[in-house]
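Okay, here's what each chain looks like letter by letter:
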Amino acid sequence: MTVKECYEKMGADYEDVKARMMTDKMIYKYNKKFLEMKEVTLLQQNLQKADYEEAFRMAHSIKGMCLNLGYTSLFEASSVLCEELRDGAPTSDPGPLLKAVTENYEKVIGCIGEMDECR
Amino acid sequence: MPVGKMAKGRDETMRKKQWVIYISAVFVFLFLCFGRVNLSQAAGKSKTVRVPYGYNDFLKIDKDGEVSGYYAEYLNELARINHWKYEYVKATWPDAVRMLEEGKVDLLYPTNYSKERERTMDYPSLPVGYISVGVYALEGSNYKYDDYTSFDGARITYSKDSSNDEKLKTFAKEHGFSYHSVNRDTNYDMEQALKDGEADLAVFNVADNFEGGVLVSVMEADPVYLTVRKGNKELLSEINSGMQNIMQKKSELAEAALRMTLTGKNDSLFALSDEERKFVDSGEEITVGFYEGTEPLAYINEDGSYDGIFVALLNYMKEKSGLNLVPYPIKQGQEWQDLVENGTIDFCIGASKDIYSSEKELCTTDSILDYYMVLVTQNDCSFNQIGKPVIALTTRQSNWEGFLRKRLKKELDFQYYQTSKECMLAVVNGDADASFINNLEFNYQIKNNRLTSLIRWPQYRFATEVCLVTNQDVDDVKSSTLNKAIGMLDDEYTEAVTEEYLNITYHSNSVSDYLYKLRIPLIIFTSFLIVMIFVFWTMQLYRKKQEKLREESRKREEKYFRILAKLSGEYLLICYTDLDVDQCDVVRFSNHMSAWMTKEGKRRSYSKLLQKYINQNVQTKFREEILPFCDPTELVRKFQAEKDFFIRYEEACGEQGCRYFEMHFVDASSDETEHKMVFGIRCIDEIVKAEEQQKQVLKDALEVANLANDTKSDFLSKMSHDIRTPMNAIVGMTYVAEQHIGDDERVRDALSKISRVSHHMMGLINNVLDMSKIEAGKMSLNETEFDLCELLEDILEILQPQIKEHNHTFTYDFEHIIHTAVQGDSLRVQQALVNLLGNAIKYTPNGGEISLTVCEKEIKANRAGCYEFTIRDNGIGMTKELQEQIFEPFQRGEDQRISKIQGSGLGLPITRSIVQMMNGTIKVESELKKGSTFTMTIFLKYQDVKEDVVVEPKEVTPENYAGYHVLLVEDNELNREIAKDMLEMFQLEVDEAEDGQQAVEMYEQSEVGYYDMIFMDVQMPVMNGYEATQAIRAKDRADAEMVPIIAMTANAFVEDIEKSMSVGMNAHMSKPIVVKEIGKVLAAYMGG
């Protein structure tokens, strides 16, 4: 699957990323790098142990990566969670928000896995 | 006689019998030839036959006339066949012989055959039995059995008339002894002779009873006959045919008669021989095994003692003979043969002589008991119709198979069980069709309720002799002693024992038997139990149901009571009152009432209670109103009008002030005959006060509304005035112009004035319309592109005449505007500024100073600018109160100083509305007589970035920045890598820091001026971007304030941008980072 097809499948903004990164090779490189990032796992762990400060930072970090890599849906999901956590403990149950993040993350991860290498 | 010879003896007897029959047949022939026929007795009529009796035990008649004796049954059968009637004639034996000859009796028995007698009597062809003749001594005499040498020279007495004379001669000759004859006529005389010592021995028929005599030898048995008088042919032929008949049809009767005489069973004791005596004296045990559990034959009592017919017989034999007979129980299922072989027992009791004696390897004794073997089936069994019936036998009956096949003349199958009872049960259960058991056990077992359905078949009844049996050789002395001991068994005793044991109560260890026996009581008991349980259960159900109902009704009551209690909770006192008798039950009262109440539920007079309360608690002014309600009759009257009414009053003032209370009267009569009432008192102070408060609120609201109305009316009247003034001018100037048509100068002047006031009026009206639009929420912004500087210049041009008019000094500063090409509703911006400036002009006394400063705060990333407009004057100023009011519609400074100044009072409210729509703010600072400062901040979008006039991006040429150093501060590895890659496109040397702390450290450690720029993420752990920036800016280094720090955030909020500026960051770059943006920033701060 080409980078473009992959981005279309994951519902990400290929054109935007392409404009910023110039080449598919770069996009491919960063996407593979994204697979190594532990932020989502840390976010889940921190939420579980109610460390909302750290969870906020993770959500924020994810948000930043999503902006860079153009993962629109994951960006939106992480933004909502990030805002919920901005002032410390959430006012409502963060479970569904985390679930949205996790689901989108897994979708993204899955798509990256199918991405053909670019040279 | 040794046991081994017993069977042989039997054969001899049979041979002898044949011989007798042969001889008899010859005599019958002779009688038939020479005898005469007595025709006196007509056939078909019952004939009287005279029979003698009283000389032996063959026929006895007791004092009741009951006939008994060995031959009684046989004779009766004979009489039945020949239609005889007996006439019994008491006689002695010699008398009887003589009476037959004399024709006084018709029948004589038992008659031995002798030639002498044949002269006077006729013999039938068959003997009726056999009679042994015994040699007797007195009991206690020294004669031993068959000790013939001791007989030598003895005085022997015998009946002269009998044939015993000849027999004795032969017997003495045979055994080699001589004797002296002592002739006596009767048995009695002979007994007497012995007792008197006139004779030593006596010769009797063994069938005759000799009390106190002992048999010392037995001569061979002779046949005996029923004889008739010589020549009585008719009777003889009747006897012959009758006996034939009995032989054929009642063989067992014939056999019994024959056997009776053969074995010589009577009460006579056999004398023991020398050897036998020694054997008895040695006390050697003879162990006799019996099968236990064969009631009534043999069994073990609960106390462990052995019992039963066999045991009793053995004991009797032991007692009589002195033989040491020891009964030994054999378990059911055990083989007696095994026990004999291993020496545990010597004999087994209970064998059927007929069956066992034919088996060569077995030795049997004389018979100890007779009984019948019977065929047993269910009472509804058609045994004869079963083709191959299954017969249940006990395991020790296996040798009966052949006998049964022969006697039943059928093919049979056999099934074996351990006990007779099991056999019978098998028949009952249908496992077998029949069983074949002895009648004694049958009679006992039939007492078992489970077996009552069994019956015996009379035609399959076989008499059998019971004996002792062994499968080992027995020495002669032992066997002869045993047989003599058996011979000592008394028939009467045996009968009595049999009778006795047949009457024992049924005993069973089997639980099923017990249960079966108790089945009816059990069924009754069980039924009763079931009925009881059912009744109990039903009662329990009923009780539970009742309980449930009670519980439900209790709960319901409780619920209602709780509801009532909750509903009546606010009542301080509740009384149920019977007005007819003026009596009340206090249902409930609170602490408040307890001061003058004593006990709940106590009956008291209603009128007195209420009077007491009123006098003590109610304020005087209410008493008059309430007191009538103390009268029950008055209440009854009132209830006729309404069923429910209230009285409101105040209680006497206490600690809580004067509180409102209410009395509630409710008619509770069920019909017209009674007058019941529920009466309650509650505190309604809070309600009343709340009502009052509510009233006050409404009153206040009304006042506010009136005030607003007044304000509007006031405004309208002012507006009318403001509008009429220019209208007057217009009307006046129009008149002037008309009057001076042709005078161009005057007309032009008039028209110019008209035009000016018209415009003013237009402005007024526009304001009013705007305001109403704003109030209705209908105002909208109309965005267009415009140049802010041009707009400002236009405004100044518009206002220039007024400024001049008032002689004000006007200064302005537009230097801080970065972007002039913006988008927005220019008209509204103009309107707002004109309003503010107009006010400054109007409310500043002539010759005042007015200034306008415009300042742009860049929010680059948003592509919009924050513009701050400051209008300052040194005019009349405002009080604090007025400052608060000026933005409210329809308000104008109630100030004498400005009364002549024209205005709608809508300018500032409109301005504020416009500013708010543009997401801006408006503030006022003012001091009375010193002047006012209005600060308006609005956001305006920039026009297309390409036309950005300030920062013109240069063409991105990466080589441009080779050799420059930048510090990239970003916590996220991926973002950092991306940013680094992008920065490196510009050939920049990029150092990385993971958080603010690290960045500050790296900055510190770098040479002054090393970093040409710092790209700073804001949200970071340890130290965030703001803090890091502040730390860097605070360093005492030459480049601390110089180095450009560019914020990088994903946030696009204005506050964030403001914050980044306030901490000393130079610019803001929003994520995601775009190469072009980097280029712009680099160009802006590093000068390319």
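For the structure, check the block above.
Let us look at the structure shown here. (Residues numbered from 1 in each chain as written. Chains lettered and ligands numbered in written order. Predicted model: local features only at pLDDT ≥ 70, side-chain atom pairs only at ≥ 80, totals over all residues. Heavy atoms only, no water.)

### Digging into a nonpolar patch on the surface
Stated formally: What makes a patch is a set of residues exposed beyond 30% relative accessible area and free of salt bridges, joined within 9 Å when like-charged and within 5 Å when nonpolar (Val, Leu, Ile, Met, Phe, Trp, Tyr). Only the protein chains shown count as cover for residues, and the accessible areas themselves come from Shrake-Rupley with a 1.4 Å probe. For this analysis, a salt bridge means a side-chain nitrogen from Lys or Arg found within 4 Å of a carboxyl oxygen belonging to Asp or Glu. Put simply, DSSP H or I for four residues or longer makes a helix, DSSP E for two residues or longer makes a strand, and each gets a number counted from the N terminus.
On the surface, B:Phe525, B:Leu529, B:Val531, B:Ile533, B:Phe534, B:Val535, B:Trp537, B:Met539 and B:Leu541 cluster together into a nonpolar patch covering about 880 Å² of accessible area. For B:Leu529, the position within the fold is in helix α20 (residues 519–567).

### Some details on the packing of aromatic side chains
The description of an aromatic ring pair uses the distance of the two centres, along with the angle that the planes make with each other. Residues and elements named next belong to chain B. Counted only if it meets this: By convention, a stacked pair of Phe, Tyr or Trp rings (six-membered ring in the case of Trp) has centres within 6.5 Å and planes under 30 degrees apart, an edge-to-face pair has planes over 60 apart, and any other such pair is tilted.
Tallied over the entire structure, the rule returns 38 aromatic pairs over all chains. With centroids separated by 5.3 Å and ring planes inclined at 85°, the aromatic side chains of Trp-400 and Phe-403 adopt a geometry described as edge-to-face. With a centroid separation of 6.3 Å and an interplanar angle of 35°, the aromatic rings of Phe-810 and Tyr-812 are classed as tilted. One aromatic cluster in this structure is built from Tyr-143, Tyr-148, Phe-151, Phe-171, Phe-177 and Tyr-179.

### Some details on the nonpolar core
Our working definition: What we call a nonpolar core is a set of buried Ala, Val, Leu, Ile, Met, Phe, Trp, Tyr and Cys residues that are connected through their side-chain atoms within 4.5 Å. Residue burial is assigned from relative accessible area. The probe radius is 1.4 Å, only protein chains are included, and a residue is buried under 20% of its type maximum, exposed over 50%, and partly exposed in between. Residue contacts are counted whenever heavy atoms from the two residues lie within 4.5 Å of one another.
The biggest cluster of nonpolar side chains holds 68 residues, and the ones touching the most others in it are B:Trp336, B:Ile368 and B:Phe436. Here the element with the most residues in this core is helix α11 (residues 309–321) of chain B; it accounts for eight residues. Those residues in contact with B:Phe436 that sit more than four places away from it in its chain are B:Met373, B:Val374, B:Leu375, B:Ile391, B:Ala392, B:Leu393, B:Gln397, B:Trp400, B:Phe403, B:Leu404, B:Tyr460 and B:Phe462. Counting residues in hydrophobic clusters, the runner-up holds 61 residues, among them A:Met37, A:Ala59, A:Cys66 and A:Tyr105.

### Observations regarding the environment of B:Met190
All names here are of chain B. Along the polypeptide, Met-190 turns up in helix α7 (residues 187–195). Separated by 14 residues in the primary sequence, Met-190 and Phe-204 place their C-alpha atoms 8.8 Å from one another. Ignoring any residue separated from it by four or fewer positions in sequence, one finds Met-190 in contact with Thr-157, Tyr-158, Ser-159, Arg-184, Val-203 and Phe-204.

### Remarks on the sheet that holds strand β15 (residues 285–291) of chain B
All names here are of chain B. To keep it simple, the criterion reads: Whether two strands pair depends on DSSP finding at least two bridges between them. Each axis is a line fitted through C-alpha atoms, taken for helices only over the stretch in contact, and angles between the N-to-C directions span 0 to 180 degrees.
Spatially, β18-β15-β19-β24-β20-β23-β21-β22 is the arrangement adopted by the eight strands of the open sheet, whose pairing is mixed. On the outer flanks of this sheet lie β18 (324–330) and β22 (413–417), each paired with one strand and no other. The sheet shows a mean angle of 35° between the axes of neighbouring strands, direction not considered. Taken together, the 13 bridges between strand β20 (residues 363–378) and strand β24 (residues 454–470) define a ladder with antiparallel strand orientation. Opposite Val-376, over in β24, you have Arg-456 as the bridge partner.

### Brief notes about the interface of chain B and chain A
Where interface size is given, it is often the accessible area lost as the parts come together that is meant. Note the threshold: In this description, buried area is defined as the sum, over both parts, of the accessible area (probe of 1.4 Å) that is lost when the two are combined. Under the rule applied, a polar contact is a pair of N or O atoms within 3.5 Å (in protein, one hydrogen donor and one hydrogen acceptor; residues adjacent in sequence only if both atoms are side-chain atoms). Three residue categories are used. Nonpolar comprises Ala, Val, Leu, Ile, Met, Phe, Trp, Tyr, Cys and Pro, charged comprises Asp, Glu, Lys and Arg, and polar comprises the others, including Gly.
Listed by partner, the interface residues are 20 residues for chain B and 21 residues for chain A. Of the roughly 1,900 Å² buried between chain B and chain A, counting both surfaces, carbon and sulfur atoms make up 60%. At the boundary of chain B with chain A, the tally comes to five salt bridges. One salt bridge in this structure joins A:Arg57 and B:Asp971, with 3.1 Å as the shortest N-O distance. Across the chain B-chain A interface, the total number found is seven residue pairs in polar contact (both at pLDDT 80 or more). Of the residues that constitute the side of chain B that touches chain A, the class distribution is eleven nonpolar, four polar and five charged.

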